[in-house]
Amino acid sequence: MRLPSGERAIPFALACVSCFLFGSGTIVTAAPNGANPSPPPANARAGAFEQGEDLFFHETFGGNGRTCSTCHDPRNEFTMSPQLAQQRYQADPTHPLFRPIDSDDGGGNSYATVLDHALFRVTIPLHPNVVILDAPGQRTITVWRGVPTIANVDLTAPFLQDGRASTLQEQALGAIKGHMQPSRKPTAKELDALVAFETEFFYPLRLRALNDADRTGIGPEFSVPVISPAAQRGKAVFDLHCRRCHDGELLDEPSNPSVSHFASAFVSDANTLNLPLFRLGFRQPDGAVIETVSPDPGRAALTGDLDDLNKFDTPALRGLKHTAPYFHDNSADTLEQVIDHYNSSFNMQITFDERDDLLAYLELL
Ligand code: HEC
Ligand code: HEC
């Protein structure tokens, strides 16, 4: 289905409401601006979509009370913010969000990191070439990560912030095992249904057209009308400083197709939140071990390659204004802080006026 190109952008929440209205109807969130719902998914997928919706919101797999929506909350554009975590804690400190497996600070009784920054501990297998020097026998590393939105996941493989899941089924299975302490395994059909549900969210809605077989008429920038002079100037700033990494319709691809989409924005290097550091040893082909320090080595934990240190999957930037905080460690609370980070880490020399223009552009995405 190709939506008219002049259609206005509609926030995620509204897109989701439509799904609830046309889904099983069990969850209904308020549509802030009274927008019209989008059409329900095509018949062939509707059954799986409804089952997936039900699983996403209600199925705990016999575990610790969490569902997918515990962390990917539709009230928060399918992500988690510190404000929402705090509201939850004030209302009920035993809410499933607070479980000592991944959202406590380590000892099982304090939750400051999730309350302040909406971060969760994620455990990742280490490549055989990498060793944690202070725990040499340990074959996994546990890092703090924010919760990405599920909007547009149909268009943004590979998944997770270091790209370690190549399919959404694999990702969902890992999420169930990692976050939910399940007492039963999901079936293949359940995993497919979760994926059928997740892949119905697009922001802006017309991005759905990118999925259609007939993509004629979709030119560059088909869904970002840049009208105000400030946003036009901001786009020029973006083209100069940012587009080499953030290009394509989702702004998640390097402009040079031969460059990897795993890159470092020097977020782990800056470690603004002072997350705990790991001393890591990387074994080289000649047997030598090079030592380095990082709170989250990103891609390098998986590849064992020091060149991948602190590199992450370049994220899509669509719908950005709805998904604060930013970066894998949620270290930037606002888009101003994102730009300030780039200015200091890349010496981009973006002036205050240019920053305002760039913000006007980023908020359009
Ligand atoms: C305890 C909180 C929590 C729960 C519960 C949870 N997730 Fe997540 N989710 C996360 C975090 C944190 C990440 C990022 C992990 C990373 O990048 O290593 C993530 C990442 C994802 C991504 C990757 C998005 C992308 O752009 O790469 C998808 C898709 C996803 N989760 C779906 C699910 C599904 C489906 C479920 C239920 C089966 C689920 N999640 C349950 C916290 C959670
Ligand atoms: C060298 C490649 C590169 C350049 C240049 C670059 N980015 Fe990024 N960007 C990334 C990567 C990689 C990440 C993920 C970093 C992380 O979380 O550690 C990222 C993350 C972001 C995020 C966070 C998105 C989210 O949902 O958390 C924003 C916003 C962003 N970039 C905007 C910009 C802007 C604006 C510019 C130009 C001023 C820019 N980027 C320049 C590679 C780049």
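Refer to the structure presented above.
A short tour of the structure in this document, coming up. Residue indices begin from 1 for each chain and proceed along its sequence in written order. Key to labels: chains lettered from A, ligands numbered from 1, both in the order written. Totals for whole chains, interfaces and linings use every residue, but because this is a predicted model, local features are given only for residues with pLDDT of at least 70 and side-chain atom pairs only at 80 or more, for both listing and counting.

## Some remarks on the overall build of the protein
And step 1. Per the convention used, a helix needs a DSSP run of H or I reaching at least four residues, while a strand needs a run of E reaching at least two, with both numbered from the N terminus. The number of helices and strands found in the protein is 12 helices and seven strands.
And step 2. A residue pair is marked as a contact if its C-beta atoms, positioned from the backbone, fall within 7 Å. If you take every contact in the protein between residues at least 6 apart in sequence, the share linking residues at least 24 apart comes to 64%.

## Regarding the pairing of strand S6 (residues 289-294)
It is a general feature of regular strands that their side chains alternate between the two faces of the sheet.
And step 1. Pairing of strand S5 (residues 278-283) with S6 involves six bridges; the strand directions are antiparallel. Bridging from a neighbouring strand, Gly281 pairs with Glu291 of S6.
And step 2. Connecting S5 to the next strand, S6, in antiparallel fashion are five residues, including Gly287 with a positive phi near 95 degrees. When DSSP locates at least two bridges between a pair of strands, those strands are taken to pair.

## Details of the environment of Arg318
And step 1. Along the chain, Arg318 turns up in the loop between strand S7 (312-313) and helix H11 (335-346).
And step 2. Assessed through the 26 C-beta atoms surrounding it within 10 Å, Arg318 is described here as buried. Three exposure classes are used, all based on how many other C-beta atoms lie within 10 Å of a residue's own C-beta (placed from the backbone): buried at 20 or more, exposed at 12 or fewer, and partly exposed between those limits.

## Topic: the site of ligand 1
And step 1. Taken together, 25 residues are adjacent to ligand 1, and Cys68, Cys71, Phe159, Gln161 and Ala175 come closest.
And step 2. Charged residues are taken to be Asp, Glu, Lys and Arg, nonpolar residues to be Ala, Val, Leu, Ile, Met, Phe, Trp, Tyr, Cys and Pro, and polar residues to be all remaining types, Gly included. Tallied by class, residues from the shell around ligand 1 come to 15 nonpolar, six polar and four charged. In this entry, near means the residue's backbone-placed C-beta atom lies within 6 Å of the molecule or strand.

## Some details on unusual backbone geometry
And step 1. Put simply, Ala157 and Pro158 share a cis peptide bond, and its omega is -5 degrees.
And step 2. Mapped onto the elements, Pro158 comes out in the loop between strand S3 (140-145) and helix H6 (168-179).
And step 3. Each neighbour pair has its own omega, and for Ala324 with Pro325 the value is -5 degrees, a cis peptide bond.
And step 4. With respect to the secondary-structure elements, Pro325 resides in the loop between S7 and H11.
And step 5. Notably, Ala118 is not glycine yet its phi reads approximately 55 degrees, a positive angle.
And step 6. Relative to the assigned elements, Ala118 resides in the loop between helix H5 (112-117) and strand S1 (120-125).
And step 7. Residue Ala118 is classed as buried on the basis of its 25 C-beta neighbours within 10 Å.
And step 8. Phi is positive for Asn310, close to 60 degrees, though the residue is something other than glycine.
And step 9. Relative to the assigned elements, Asn310 resides in the loop between helix H10 (300-303) and S7.

## Details of the site of ligand 2
And step 1. In the region of ligand 2, 21 residues are neighbours, and Cys242, Cys245, Val267, Tyr326 and His328 sit closest.
And step 2. Here the shell around ligand 2 takes three residues from H11, the largest share from any one element.
And step 3. When grouped by side-chain class, the residues that make up the shell around ligand 2 number 15 nonpolar, five polar and one charged.

## Details of the pairing of S5
And step 1. Alternating positions in S5 separate cleanly, Phe278, Leu280 and Phe282 being buried on one face and Arg279, Gly281 and Arg283 remaining unburied on the opposite face.
And step 2. As defined by bridge partners, strand S2 (residues 130-132) adjoins S5 across three bridges and the pair is classed as antiparallel. Looking at the pairing, Val131 lines up with Gly281 of S5.

## Examining the environment of Pro285
And step 1. Secondary-structure assignment places Pro285 in the loop between S5 and S6.
And step 2. Take Pro285: there are 6 C-beta atoms within 10 Å of it, and that puts it in the exposed class.
And step 3. Residues Pro285 and Asn129 lie 156 residues apart in sequence; the distance between their C-alpha atoms is 9.4 Å.

## Considerations on the environment of Thr323
And step 1. As for its position among the elements, Thr323 is in the loop between S7 and H11.
And step 2. Using a count of 23 C-beta atoms within 10 Å as the deciding quantity, one classes Thr323 as buried.
And step 3. Sequence-wise, Thr323 and Thr334 are 11 residues apart; in three dimensions their C-alpha atoms are separated by 9.6 Å.
And step 4. Not counting residues up to four positions away in its chain, the partners in contact with Thr323 are Glu77, Thr79 and Thr149.

## Here's the deal with the sheet that holds S5
Pairing between sheet strands relies on hydrogen bonds along the backbone, with the strands arranged either parallel or antiparallel.
And step 1. Overall, antiparallel pairing links the three strands, which are arranged S2-S5-S6 in an open sheet. The open sheet terminates on both sides in strands that have one partner only, identified here as S2 and S6. Averaged over neighbouring strand pairs, the angle between their axes works out to 30 degrees when direction is ignored. The axes used here are C-alpha line fits, helices contributing only the stretch in contact, and every angle between their N-to-C directions lies in the interval 0 to 180 degrees.

## What about the nonpolar core?
And step 1. For the purposes of this analysis, a nonpolar core is taken to be any set of buried Ala, Val, Leu, Ile, Met, Phe, Trp, Tyr and Cys residues that are connected through C-beta atoms within 7 Å. Among the nonpolar cores identified, the biggest contains 26 residues, and Ala151, Ala172, Leu194, Val195, Phe197 and Phe202 are the most heavily contacted of them.
And step 2. At the level of secondary structure, the elements contributing two or more residues to this core comprise helix H2 (43-58), H6 and helix H7 (188-198).
And step 3. Here this core takes six residues from H7, the largest share from any one element.
And step 4. Judged by nonpolar contacts, the second largest core, of 22 residues, contains Val114, Ala118, Leu119 and Leu280.

## A look at H7
And step 1. Where burial is concerned, most of H7 is hidden: eight out of the 11 residues are buried.
And step 2. Every buried residue of H7 is listed here: Glu190, Leu191, Ala193, Leu194, Val195, Ala196, Phe197 and Glu198.

Keep in mind these values describe shape, not function.
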